[in-house]
Amino acid sequence: MALVASTLLLAACGGGNSDNDSDAGGGVTIDWWHIGTTEPTATIYDQWVQDFEEQNPGVKVNVTALENEAFKSKMTTITAGGDMPDVYSTWGGGVLAQQVEAGLVKDLDVVGGTTMDQFTDAAIAPYRINGASYGIPVDAGMVGFWYNKALFEEAGIEEPPTTWTEFLETVQALKDADITPIALAGKEEWPGHFYWSYLAMRVAGLDALEEAAHTNDFTHPGFVEAGERLRELAELEPFQNGYLGADYSTPDGQAALMGSGRAAMELMGQWAPSVQADAGGGIGDDLGFFPFPEVEGGAGSLDEVFGGGNGFAVSANAPKEAVDFLVFISAPEQHAQYVESGAGLPVTEEAIELVEDPDLRVVAETMAAAGGFQLYLDQAFPPAVGGQVNSSVAELFAGVATPEQVTEAITEVARAEG
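Residues numbered from 1 in each chain as written. Predicted model: local features only at pLDDT ≥ 70, side-chain atom pairs only at ≥ 80, totals over all residues. Heavy atoms only, no water.

### Points about the overall build of the protein
Here is the rule: Helix and strand definitions follow DSSP, with helices as H or I runs of at least four residues and strands as E runs of at least two, each counted in order from the N terminus. For the radius of gyration, the atoms used are the C-alpha atoms, and the globule rule reads 2.2 Å times the number of residues raised to 0.38. Between buried and exposed lies partly exposed: a residue is buried under 20% and exposed over 50% of the maximum accessible area for its type, with that area taken using a 1.4 Å probe on protein chains only.
When you go through the protein residue by residue, the secondary structure sums to 19 helices and 11 strands. For the protein, the C-alpha radius of gyration of 22 Å lies close to 22 Å, the compact-globule estimate for 418 residues. The C-alpha extent of the protein, read off along each of the three principal axes, is 75 × 45 × 35 Å. Relative to its full complement of 418 residues, the protein shows a buried share of 54%.

### Some details on the pairing of strand 11 (residues 372-375)
As a reminder of what qualifies: Each pair of strands is called paired provided DSSP finds at least two bridges between the two strands.
Covered by surrounding structure in strand 11 are G372 and Q374 together with F373 and L375, the residues of both alternating faces. Direction of pairing for strand 10 (residues 304-314) relative to strand 11: parallel, over a ladder of 4 bridges. Across the sheet, E304 pairs through a bridge with G372, a residue of strand 11.

### Observations regarding the pattern of salt bridges
Using the following cut-off: Whenever Lys or Arg places a side-chain nitrogen within 4 Å of a carboxyl oxygen from Asp or Glu, that contact is recorded as a salt bridge.
Going through the model one piece at a time under the given rule, you end up with 6 salt bridges. Between D109 and R128 there is a salt bridge whose closest N-O contact spans 3.3 Å. Placement of the pair is D109 in helix 5 (residues 108-111) and R128 in strand 4 (residues 128-129), with a sequence separation of 19 residues. One salt bridge connects E225 with R229, and the closest N-O pair in it is separated by 3.1 Å. Taken together, the positions of E225 and R229, both in helix 11 (residues 221-234) and 4 residues apart, correspond to about one turn of that helix. The class for E225 is partly exposed, based on a relative accessible area of 27%.

### Digging into the packing of aromatic side chains
Under the convention used in this document: Planes of paired rings set the category: under 30 degrees apart is stacked, over 60 is edge-to-face and the rest tilted, where pairs are Phe, Tyr or Trp rings (Trp by its six-membered ring) whose centres lie within 6.5 Å. Remark: a charge is flagged as sitting over a ring if the NZ atom of Lys or the CZ atom of Arg is within 6 Å of the ring centre and within 35 degrees of the ring normal.
One pass over the full model with this rule turns up 32 aromatic pairs. Just above the ring of W91 sits the side chain of K72; from NZ or CZ to the centre is 5.2 Å.

### With respect to the nonpolar core
As a rule of thumb, soluble globular proteins bury nonpolar side chains together. To be explicit about the condition: Here, nonpolar core refers to any group of buried Ala, Val, Leu, Ile, Met, Phe, Trp, Tyr and Cys residues whose side-chain atoms link them within 4.5 Å. Contact definition: two residues touch when any of their heavy atoms are within 4.5 Å.
Counting 111 residues, the largest nonpolar core has Y195, W196, L233 and M265 as the members making the most contacts within it. The greatest single-element share of this core, amounting to 8 residues, is contributed by helix 9 (residues 190-203). In this structure Y195 touches F145, I182, L184, L230, L233, F239, L267, F292 and F397, once residues within four positions along its chain are discounted. Core analysis: the second largest hydrophobic core is formed by 19 residues, I35, L104, Y127 and A132 among them.

### What to know about a negative patch on the surface
Inclusion rule: Patch definition: residues above 30% relative accessible area lacking any salt bridge, with like charges linked at up to 9 Å and the nonpolar side chains Val, Leu, Ile, Met, Phe, Trp and Tyr linked at up to 5 Å. Note that accessible areas follow from Shrake-Rupley with a 1.4 Å probe, and for residues the cover is restricted to the protein chains shown. None of His or the chain ends enter the tally, which takes Lys and Arg as positive and Asp and Glu as negative. Charge positions are represented by NZ for Lys, CZ for Arg, CG for Asp and CD for Glu.
Where like charges cluster on the molecular surface, the negative patch consists of E166, E169, E294, E296 and D303. When you line up the elements, E294 lands in the loop between strand 9 (287-290) and strand 10.

### A word on the layout of surface pockets
The condition is simple: Here a cavity means grid points, on a 1 Å grid over the protein atoms only, where a 1.4 Å probe fits yet cannot get out; a pocket means an open set of points with protein on both sides within 12 Å along at least five of seven lines; lining residues are those with an atom within 4 Å of a point. Grid points are joined across faces, edges and corners, and a volume is the space filled by probe spheres set on the points. In the scheme used here, Gly and all other residues not listed as nonpolar or charged are polar, with Ala, Val, Leu, Ile, Met, Phe, Trp, Tyr, Cys and Pro taken as nonpolar and Asp, Glu, Lys and Arg as charged.
Size it by volume and the second largest pocket reaches roughly 1,200 Å³. Surrounding the second largest pocket, 32 residues form its lining, A97, I129, A213, H214 and A380 being those nearest its centre. Of all elements in the fold, only helix 4 (93-101), strand 4, helix 10 (206-215), strand 11 and helix 19 (403-417) reach the threshold of two or more residues within the lining of the second largest pocket. No other element matches the 7 residues that helix 10 contributes to the lining of the second largest pocket. Classifying every residue of the lining of the second largest pocket by side-chain character gives 18 nonpolar, 9 polar and 5 charged.

### Here's the deal with the confidence of the model for the protein
Stated formally: Known as pLDDT, the predictor's confidence for each residue is given on a scale from 0 to 100.
Of all residues in the protein, 94% have pLDDT values of 70 or greater, and the mean over the chain is 92. Scored below 50 in pLDDT, residues 1-25 makes 43 contacts in the model with residues more than four places away or belonging to other chains.

### Concerning the environment of P181
For P181, the location among the structural elements is in the loop between helix 8 (164-176) and helix 9. Take P181: its relative accessible area is 3%, and that puts it in the buried class. Taking the C-alpha atoms as reference points, P181 and L233, 52 residues apart in sequence, are found 11 Å from one another. Leaving out residues up to four positions away in the same chain, P181 has contacts with V171, L174, K175, P238, A264 and M265.

### Looking at the sheet that holds strand 7 (residues 144-148)
Rule in force here: In this description, a line fitted to the C-alpha atoms serves as the axis of each element, helices being fitted only across the stretch in contact, and the angle between N-to-C directions of two axes falls anywhere from 0 to 180 degrees.
An order of 8-7-9 is seen for the 3 strands of this open sheet, with the pairing classed as antiparallel. With one partner strand each, in any of the chains shown, strand 8 (265-268) and strand 9 form the two edges of the open sheet. When the angles between neighbouring strand axes are averaged without regard to direction, this sheet yields 25 degrees. Here helix 16 (residues 358-368) sits on the sheet and contacts strand 7 and strand 9; the angle it forms with strand 9, its principal contact strand, is near 10 degrees.

### Examining the pairing of strand 3 (residues 87-90)
As a general feature of sheets, a regular strand has side chains that alternate between the two faces. Burial along strand 3 is two-sided: the residues V87 and S89 and Y88 and T90 are all buried. Relative to strand 3, strand 1 (residues 28-34) runs parallel, the two sharing 2 bridges. Each bridged residue has a counterpart across the sheet, and for W32 the counterpart in strand 3 is V87. Both strand 3 and strand 10 contribute to a ladder of 4 bridges, which runs antiparallel. Bridge pairing in strand 10 places Y88 opposite A313.

### Remarks on the environment of E404
Secondary-structure assignment places E404 in helix 19. In this structure, the C-alpha to C-alpha distance between E404 and D286, residues 118 residues apart in sequence, is 39 Å. Aside from chain neighbours lying at most four places away, what touches E404 is V224 and E228.

Structure (structure tokens):
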């Protein structure tokens, strides 16, 4: 944690914009860095800035909008220097935890007032570090199985599976009907890590994942069993031909297979329907959604979800007006505008009724009722650990690593990082 050690001193010496909050006219300037570069988010964010400035004379919001990878790169550089933007995009998890440990982020439970009480437990979970909230969510979603109702009916499947045994039986029924059960982008690795992560949740449980994050030990028997269950699925050969070399959103990739009706299922986040439509045309009312099945005898349960979203944090030295800005964009009026536009799914129960798409409403309702939440593992842990999860699970899919070797490799990287 060389980054943490170096930034503690720098932060104490006065990072952020504490020396530049007031302009020549005595006003206050807030620097807001975000990743909302596409529509409708870009227009909504611009409107929020305009409305906030009109309601707060003397306050100016300077906006820096960056694409995801460019944002990550710049934030890595400025975090090392301890000079954070006043308000900035965050996905929570391991990176935010490092920033918190370095003293670079405000505790919003202390300064955010009742605003912090409105979010669902799953929506706020990625931004809670050591029991305190260091970010606010602007949208939230989860990974689950998107399926083709018509292909299920063709295979004689009456209901989506709720247990792992039923899921394997569903896969076999689809194969017997000469239907490709699952589309998977094996080349890109991150879609595959969803399977191992969910199985780790269902078998070992959320507490085991939390403990592993603190101990840097992923050799828990439940994690090994997760790999065994995944190998059990892979041995059924449920994926399309050539899946190990397939991309996600290309014309012959995972989303296109689902969107053109050539595969019956994909395990993907709430963005799946729009990507399916872009890549393969979409299947309209034939598209349905169901949660990742429960594993019989496992410590996890069906109502525990795996996902993430977008949020914002406030730097430790930001002016109080930066917190006011977050309170403003989290207000029901602004959040309703965001949800109604289709920019993202709601982070409050009250906004669920604004989701028009029936499948996405199921996602939003499932999130709101979640009995537990786990952030994507490649965000929940430090970047090197998350990357190793992706790589090791890809090796498991390819048959070049055993379930035990997967957990050992992740543990080795986690201990090196810790």
